[in-house]
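# Per-entry structural report
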Amino acid sequence: PFYDKYQKTGTVISAVPLCFGIARLSGLDIREVEGATGELDTNYEGKAQAAIDALKTNDFVFLHVEASDEAGHEGNVDLKVKTIEYLDSRIVKPIYDAVSAWNEPVTIAILPDHPTPCAIKTHTNAPVPFIIYNPTQAGDSVQVYDEQAAQQGAYGHVSDNEFMQLLFAK
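Our subject in this report is the structure included herewith.

Rules used throughout
Residues numbered from 1 in each chain as written. Predicted model: local features only at pLDDT ≥ 70, side-chain atom pairs only at ≥ 80, totals over all residues. Heavy atoms only, no water. Helix = DSSP H or I, 4+ residues; strand = E, 2+ residues; numbered from the N terminus. Contact = heavy atoms within 4.5 Å. Phe/Tyr/Trp six-rings, centres within 6.5 Å; stacked < 30°, edge-to-face > 60°. Buried < 20%, exposed > 50% of the residue type's maximum accessible area, 1.4 Å probe, protein only. Lys NZ or Arg CZ within 6 Å of the ring centre and 35° of its normal. Core = buried A, V, L, I, M, F, W, Y, C linked by side-chain atoms within 4.5 Å. Pairing = 2+ DSSP bridges. Axes fitted to C-alpha atoms, helices over the stretch in contact; angles between N-to-C directions. Polar contact = N/O pair within 3.5 Å; in protein donor to acceptor, adjacent residues only side chain to side chain.

## Considerations on the overall build of the chain
A count of helices and strands for the chain gives 7 helices and 5 strands. Along the chain, from the amino end to the carboxyl end, the secondary structure elements read α-β-α-β-α-β-α-α-β-β-α-α. Each principal axis of the C-alpha atoms in the chain carries an extent, and together these give about 40 × 40 × 30 Å. For the chain, contacts bridging at least 24 residues in sequence account for 55% of all contacts bridging at least 6.

Right under this line is the structure:
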């Protein structure tokens, strides 16, 4: 169970049954959001609000957005860019704005679960770029979020267990 490993309570928000199955097996709560589709038309605002609400009672929220993965499978670069812009403006910004006003610092991580390049329309096992924003820690000098820039960041290349340790570092 997730709690046994990390001593953190958590919630999963997604439109993908696989994510819900992993959540159940890990002992995490599940919040289904009306209008969550896994596509461009997913309820971004509903997912963001569900995450904000879940963070009021849980230590950790995994919010999964499938839209950019689907755009990659279609090989549609313009759609993939739009899904990433929506993720930024309709999920990351509202969550950041909300938790920034709280008395307790909230760490935010942004990362894909795997690459799905439009050029090949399938998943790869290449390393993924990630951001861990912790308001109590100084950032590094990286100003761009992409695979190349992330390798130049303070974290460099980390394994899954190392990532979780970084995420939960105080």
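Now, onward.
## Some words on the packing of aromatic side chains
For the structure shown, the criterion picks out 9 aromatic pairs. Relative to F60, the ring of F2 lies with its centre 4.9 Å away and its plane at 25°, an arrangement referred to as stacked. Placement of F2 in helix α1 (residues 2-6) and of F60 in strand β3 (residues 60-63) is noted, with a sequence separation of 58 residues between them. Residues F2 and F60 agree in their burial class; the two are buried. Joined through ring pairs, the aromatic side chains of F2, Y6, F60 and F168 make up one cluster. Here the guanidinium or amino end of R90 rests over the ring plane of Y86, the centre of that ring lying 4.6 Å away.

## A look at the nonpolar core
With 17 residues, the main nonpolar core has I13, V61, I91, I95 and V99 as its most contacted residues. Counting only elements with at least two residues in this core, the list comes to α3 (44-55) and α5 (77-100). Broken down by element, this core gets its largest block of residues, 7 residues, from α3. Discounting chain neighbours no more than four positions away, the residues touching V61 are T11, I13, A51, A54 and L55. Residues A23, F130, V158 and L167 belong to the second largest nonpolar core, which totals 15 residues.

## Topic: the sheet that holds β3
One open sheet holds the 3 strands; their spatial order is β2-β1-β3, and the pairing between them is parallel. Across the chains shown, the open sheet's two edge strands, defined by having one partner strand only, are β2 (29-31) and β3. Adjacent strand axes in the sheet meet at a mean angle of 25°, parallel and antiparallel pairs treated alike. Looking at chain direction, strand β1 (residues 10-13) and β2 are connected through 3 bridges and run parallel. Residue pairing across strands places T11 opposite D29, the latter belonging to β2. With respect to the sheet, helix α2 (residues 17-26) is in contact with β1, β2 and β3, its orientation differing from that of β2 by roughly 155°.

## Topic: the side chain of T11
The topology assignment puts T11 in strand β1. Assessed through its relative accessible area of 0%, T11 is described here as buried. Within the local environment of T11, its side chain forms a polar contact with the side chain of N58, the two groups lying 3.1 Å apart. Once residues lying within four places of it in the same chain are set aside, the contact partners of T11 are L28, D29, R31, A54, N58, F60, V61 and F62.

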